[in-house]
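Coordinate analysis (summary)
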Amino acid sequence: MNLEVEIGGLKLRNPVMTASGTFGYGEEYSGFVDLNQLGAIVVKGISLKPMQGNPPPRISETPCGMLNAIGLQNVGLELFLKEKLPFLRKFDTRVIVNILGNSLKEYQKISEALDDAGVDAIELNVSCPNVQQGGIMFGTDRKMLGQLITGVKNIVKNTVLITKLSPTVSDIKEFAKTAEDSGSDAISLINTIPGMSIDINTRRPRLKNITGGLSGPAIRPVAVRMVYEAYNAVKIPVIGMGGIMNADDAIEFFIAGASAIAVGTANFVNPEATTGILSGLIKYMERENIERISSLTGSLDIG
Amino acid sequence: MSRYFRAKIRENLPLNRNHKLLTLETSSPENEPLPGQFYMLGVNRGGYDPLLKRAFSLFRKTSDGFQILYRIKGKGTSLLGGMKEGDMIDMIGPLGRSYPVPETGRTPLVIAGGVGMASVFSLIESIPERSYVFYGAKSKDELFMLDELGALSKGLYISTDDGSLGKKGNIAGVLEDFWGRKHETEDQYLIYACGPKPLLGLIARTASSHSIQAFVSLEEQMACGIGACLGCAVRVKSPVSVLQGSEQDFIYRKVCKDGPVFDAAEILW
Ligand SMILES: Cc1cc2nc3c(=O)[nH]c(=O)nc-3n(C[C@H](O)[C@H](O)[C@H](O)COP(=O)(O)OP(=O)(O)OC[C@H]3O[C@@H](n4cnc5c(N)ncnc54)[C@H](O)[C@@H]3O)c2cc1C
Ligand SMILES: Cc1cc2nc3c(=O)[nH]c(=O)nc-3n(C[C@H](O)[C@H](O)[C@H](O)COP(=O)(O)O)c2cc1C
Ligand code: FES
């Protein structure tokens, strides 16, 4: 049986990754899962300078999901390189660093440092506003997205570049194509979907930030649809995520077109979710006589 | 071994109309829980609504497991309330920082508001006949373990909102009365408190005005319980401002990992 997959030249021992922001810096889960068993660890989004994040409450449970407005709290590039990366390097797994910035310059600076540090891949979180351009989201303006990807691609020498697409666009196919055309080695999707919840007794928003990102099983059908559309629009590999709780959910994403999958909110519910999904995948392959997991990708039968 | 495990319900005992005492049996308790630590309990029996685990304090250790005292509040705790003897619950724990052990010679004042007693009971139990206990609740029927608390403490002071037992009003008021009658110098006292945040804020102020160190256990919305999601943020004075006494600067700490027990002087109330 062959579980290996390739993401834009980067070989993963298996297709089970963690979703950024849901697995801390790896350390937090090392007492629950053998990190060596994971295809890749994607760490919490890193910015050039440390970020405080939003005031609480930052999370609120919703039917089959949760809203979060963490506000991109992170230790910043310097501390990440000094304190977080060395720990991850002790494990025989791929390290993918999710990054965010307010300008192309910031993205470039972070990417350059990560490239020098030898991380396996960079995942561009493009859901941040571009401060210099009046706060327009990189991820919702195709021209800006293209410039960002090209700009980062030109800087990095060895690191594989993954673009994490925003789901708040009318046509995901267009953005997938932009990522491909601009030199992204792979795309990942979906990020959380903006949402809101109100306490009717106090008439207050349940999140201090008022709105937040929805994740968990509630968003899975949206995610599967977007992975399917993106897969059909581009040739670069697609990393699928959004509400994956178990192996069956993961398999749905492979069939829709994902080459690898990432586990997010499920980690909170079951800290062993990642390795559980991996063993479920193996069982499914045995049962269905699948020799290579990669043969499952895009195997949707539409009759 | 992992702190993620399954435990069997031995008993899920109603204490009144909306509080229950859950006794869990763990074949191999991974870590001995300490007073003030908590567990994330899966309240769901299949399906994803509710999705997240619920945080509950260690109430009391037993010979082969532990107990949780809980209030039925919403969907999750209602589901928990419906679970039966023999049912299995998956959980993570013990988690978080415990109450620091009081040095010998110091007299702990332990203050609980409502179900906050769940968190401090095992602390009181760990230092028999050393602490004064202040316990407030809405009414008499929401006060639990009074006999045990009487026996475990040097003094038990009660208040209820409706005056059905003890002094009428807030437990902070009872604490105020205590200062008039106290027998020791103030620096010998040490405060431990768990309850609604406004009460804890009040206690923090009292403690600081009497120059008494206070440890409070906080609650915040949690997703992971293990420091990964950054959901459970609480504002604390940044190390610099603690030094300078300025409250301008703050940093966020995680209730699940840096807490739930904090030095009250660190918190920006
Ligand atoms: C460290 C810690 C220890 C706790 N110990 C105890 C205990 O020993 N006994 C007890 O009765 N309760 C305790 N609580 C509170 C308990 O977690 C909530 O009452 C419970 O989560 C409510 O769930 P629900 O689905 O019934 O309520 P809902 O209001 O329907 O819950 C909705 C969401 O809000 C969260 N939530 C609601 N109330 C709280 C709260 N007070 N704190 C944090 N999250 C909350 C829930 O987890 C859930 O995600 C503790 C909370 C924390 C953070
Ligand atoms: C608490 C939390 C924090 C997150 N932080 C980030 C982040 O820093 N960068 C990012 O690109 N995505 C972040 N995400 C989005 C996830 O990586 C993922 O795309 C999304 O949650 C959907 O997957 P899921 O339903 O399996 O959680 C975060 C999600 C959650 C729930
Ligand atoms: S609950 Fe996730 S970091 Fe505290």
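You'll find the structure just up there.
These figures come from a predicted structure and were not determined experimentally.

Summing up its helical and strand segments, chain A has eight helices and 18 strands in all. Its C-alpha radius of gyration of 18 Å places chain A within 12% of the 19 Å reference for a compact globule of 303 residues. Reported as C-alpha extents along the three principal axes, the dimensions of chain A are approximately 50 × 50 × 40 Å. Counting every position in chain A, which comprises 303 residues, the buried fraction comes to 57%. Within chain A, residue pairs in contact and separated by at least 24 positions form 69% of the contacts whose partners lie at least 6 positions apart.

The two faces of the sheet receive side chains in turn, since in a regular strand these alternate between them. All names here are of chain B. With six of seven residues buried, strand 6 (residues 65-71) is to be regarded as a mostly interior element. Two elements, strand 5 (residues 60-62) and strand 6, share three bridges in a ladder whose sense is antiparallel. Of the residues in strand 6, the one forming a bridge with T62 is G65. Counted between consecutive antiparallel strands, the loop separating strand 5 from strand 6 contains two residues.

This part is about the site of ligand 1. Among the 20 residues in the neighbourhood of ligand 1, the closest are listed as B:A55, B:K73, B:G76, B:T77 and B:E219. Residue neighbours of ligand 1 fall on chains A and B, so the site bridges chains. The side chain of B:R54 places a nitrogen or oxygen atom 2.8 Å from an oxygen atom of ligand 1. In the model, a nitrogen atom of ligand 1 is placed 2.9 Å from a nitrogen or oxygen of the B:L69 main chain. Within the complex, 86% of the 820 Å² of free accessible area of ligand 1 lies under protein. For the shell around ligand 1, the secondary structure elements donating two or more residues are strand 4 (54-57), strand 6 and helix 1 (75-81) of chain B. Looking at which element gives the most residues to the shell around ligand 1, the answer is strand 4 of chain B, with four residues. Among the residues making up the shell around ligand 1, the classes are represented as eight nonpolar, five polar and seven charged. Split by domain, the shell around ligand 1 shows at least three residues from each of two domains, domain 1 (4-95) and domain 2 (107-219) of chain B.

All names here are of chain B. Here seven strands make up an open sheet; going across it, the order is 4-3-7-1-2-6-5 and the pairing antiparallel. Unpaired on one side and paired on the other, strand 4 and strand 5 mark the two borders of the sheet. Recorded for the sheet is a direction-independent mean angle of 40° between the axes of neighbouring strands. When strand 2 (residues 19-25) meets strand 6, the two strands line up antiparallel, connected through seven bridges.

Moving on, we get to the sheet that holds strand 5 (residues 59-62) of chain A. Residue and element names in this part refer to chain A. Pairing in this open sheet of four strands is antiparallel, and the strands run 5-6-16-13 from one edge to the other. Since the sheet does not close on itself, it has two edges, and those belong to strand 5 and strand 13 (193-196), each with one partner. Direction aside, neighbouring strands of the sheet carry axes that sit 40° apart on average. As paired strands, strand 5 and strand 6 (residues 65-68) are joined by four bridges and run antiparallel to one another. What sits directly across from S60, in strand 6, is L67.

As a structural note, the neighbourhood of ligand 2 is formed by 23 residues, with A:S20, A:K164, A:G216, A:G243 and A:T265 the closest of them. Residues within reach of ligand 2 are spread across chains A and B. Note that an oxygen atom of ligand 2 is positioned 2.9 Å from one of the backbone N or O atoms of A:I190. Here an oxygen atom of ligand 2 sits 2.6 Å away from a polar atom, N or O, in the main chain of A:G243. Out of a free accessible area of 610 Å², ligand 2 has 98% covered by protein chains. Within the shell around ligand 2, the residues separate by chemical class into six nonpolar, 15 polar and two charged.

About the criteria used
Residues numbered from 1 in each chain as written. Chains lettered and ligands numbered in written order. Predicted model: local features only at pLDDT ≥ 70, side-chain atom pairs only at ≥ 80, totals over all residues. Heavy atoms only, no water. Helix = DSSP H or I, 4+ residues; strand = E, 2+ residues; numbered from the N terminus. Rg over C-alpha atoms; globule rule 2.2 N^0.38 Å. Buried < 20%, exposed > 50% of the residue type's maximum accessible area, 1.4 Å probe, protein only. Contact = heavy atoms within 4.5 Å. Pairing = 2+ DSSP bridges. Near = heavy atom within 4 Å. Polar contact = N/O pair within 3.5 Å; in protein donor to acceptor, adjacent residues only side chain to side chain. Areas by Shrake-Rupley, 256 points an atom, 1.4 Å probe, with all protein chains shown as cover. Nonpolar A, V, L, I, M, F, W, Y, C, P; charged D, E, K, R; others polar. Domains from an automatic or database assignment. Axes fitted to C-alpha atoms, helices over the stretch in contact; angles between N-to-C directions.

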